[in-house]
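Fold and contact review
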Amino acid sequence: MPSSHTSDLVTQGIRVHAAAQFLPGESKPTESSFVYGYRITLTNEGERPAQLISRHWVILDGEGRRRDVKGPGVVGQQPRLEPGQSYTYSSFSPLATTWGTMEGSYTFRAEDGATFEVAVGRFMLVPTAPPLDLAVSGT
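Residues numbered from 1 in each chain as written. Predicted model: local features only at pLDDT ≥ 70, side-chain atom pairs only at ≥ 80, totals over all residues. Heavy atoms only, no water.

Quick look at the overall build of the protein
Inclusion rule: Every helix listed is a DSSP run of H or I at least four residues long, and every strand listed is a run of E at least two residues long, numbered separately from the N terminus. For this measure, only C-alpha atoms enter the radius of gyration; the expected value for a globule follows 2.2 Å times N^0.38, where N is the number of residues. Whether a residue is buried, partly exposed or exposed follows from its accessible area with a 1.4 Å probe, protein chains only, as a fraction of its type maximum: under 20%, in between, or over 50%, in that order. In this description, contact between two residues means that some pair of their heavy atoms is separated by no more than 4.5 Å.
For the protein, the helix and strand inventory stands at 0 helices and 9 strands. Secondary structure elements in the protein, listed N-terminal to C-terminal, are β-β-β-β-β-β-β-β-β. The C-alpha atoms of the protein give a radius of gyration of 15 Å, which matches the 14 Å a tight globule of 139 residues would have. Residues classed as buried in the protein amount to 44% of the 139 residues present. Considering only contacts in the protein between residues 6 or more positions apart, those separated by 24 or more positions represent 67%.

Printed below as a string of structure tokens:
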């Protein structure tokens, strides 16, 4: 079983740091329900403001079953990041197996209206990951 529960990747000036942890209190192993919380920090390391428009997650469980999650914004918001600014949010993902992976992308829009994709590197959803402060939502 893989063990890296974080990723850190910069695409077009936007850094995405992702980390996950197992949530035993939300999970029901006898029903093949394993819930993972994750925290994402987006930092604009570029020179232009940009707004997050949408997300696309690719979630694989330990048996290779794929689930795609697409939608506008994150946790109901479409944050705008000025150069040097960060935005952190927490969410969760259920799995049918004890471990899996997440990766994906965000679509951002620059001030001139051009859109660009920002990659989220693969990170593992594993029960051995250290605890996170998941109380963060949109700072």
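A closer look at the side chain of threonine 97
For clarity, the cut-off: In the analysis that follows, any N or O atom pair within 3.5 Å is treated as a polar contact, provided that within protein one partner can donate a hydrogen and the other can accept it, and provided that, for residues neighboring in sequence, both atoms belong to side chains.
Positionally, threonine 97 belongs in the loop between strand E7 (86-95) and strand E8 (100-110). At a separation of 2.7 Å, a polar atom in the side chain of threonine 97 contacts the main-chain amide nitrogen of glycine 62. Of the polar contacts made by the side chain of threonine 97, one reaches the backbone oxygen of tryptophan 99; its length is 2.7 Å. Apart from residues lying up to four places away in sequence, threonine 97 is in contact with Phe34, Asp61, Gly62, Glu63 and Arg65.

A word on unusual backbone geometry
With a phi close to 50°, glutamine 12 is a non-glycine residue in the positive phi region. Tracing the chain through its elements places glutamine 12 in the loop between strand E1 (6-11) and strand E2 (14-22). Even without glycine at this site, valine 75 takes up a positive phi of about 40°. In this structure, valine 75 sits in the loop between strand E5 (66-72) and strand E6 (80-81).

A short note on the packing of aromatic side chains
In this description, an aromatic ring pair is defined by two values, namely the gap between the centres and the angle between the planes. The criterion, for reference: Aromatic contacts are taken between Phe, Tyr and Trp rings whose centres are within 6.5 Å, Trp giving its six-membered ring; a plane angle under 30 degrees counts as stacked, one over 60 as edge-to-face, and the others as tilted.
Within this structure, the stated rule accounts for 7 aromatic pairs. Aromatic side chains phenylalanine 22 and tyrosine 36 sit 5.3 Å apart centroid to centroid with 50° between the ring planes, which places their arrangement in the tilted category. Residue phenylalanine 22 is located in strand E2, and its partner tyrosine 36 is located in strand E3 (residues 34-44); the two are separated by 14 residues in the primary sequence. Put simply, the rings of Tyr38, Trp57, Tyr106 and Phe123 pair up and form one aromatic cluster.

Things to note about the sheet that holds E2
As a reminder of what qualifies: A pair of strands counts as paired when DSSP detects no fewer than two bridges linking them. Fitting a line to C-alpha atoms yields each axis, with helices limited to the stretch in contact; the angle taken between N-to-C directions then spans 0 to 180 degrees.
Within the open sheet, the 4 strands sit side by side as E1-E2-E3-E7. Their pairing is antiparallel. Bordering the open sheet on either side are E1 and E7, each of which pairs with just one other strand. Looking at each pair of strands side by side, their axes are set apart by 20° on average, direction ignored.

What to know about the side chain of threonine 88
Here threonine 88 shows up in strand E7. With relative accessibility at 12%, the residue threonine 88 sits in the buried group. Reaching out from threonine 88, the side chain makes a polar contact with the side chain of threonine 41 at a distance of 3.0 Å.

Re the pattern of salt bridges
Just so we agree on the cut-off: When a carboxyl oxygen of Asp or Glu lies within 4 Å of a side-chain nitrogen of Lys or Arg, that pair is called a salt bridge.
A complete count under the given rule lists 8 salt bridges for this structure. Across the pair arginine 65 and aspartate 61 runs a salt bridge, and its minimum N-O distance is 2.6 Å. Among the residues examined, arginine 65 registers a relative accessible area of 43% and is labelled partly exposed. Given a relative accessible area of 9%, aspartate 61 falls into the buried group. The structure contains a network of salt bridges with shared partners spanning Asp8, Arg15 and Glu45.

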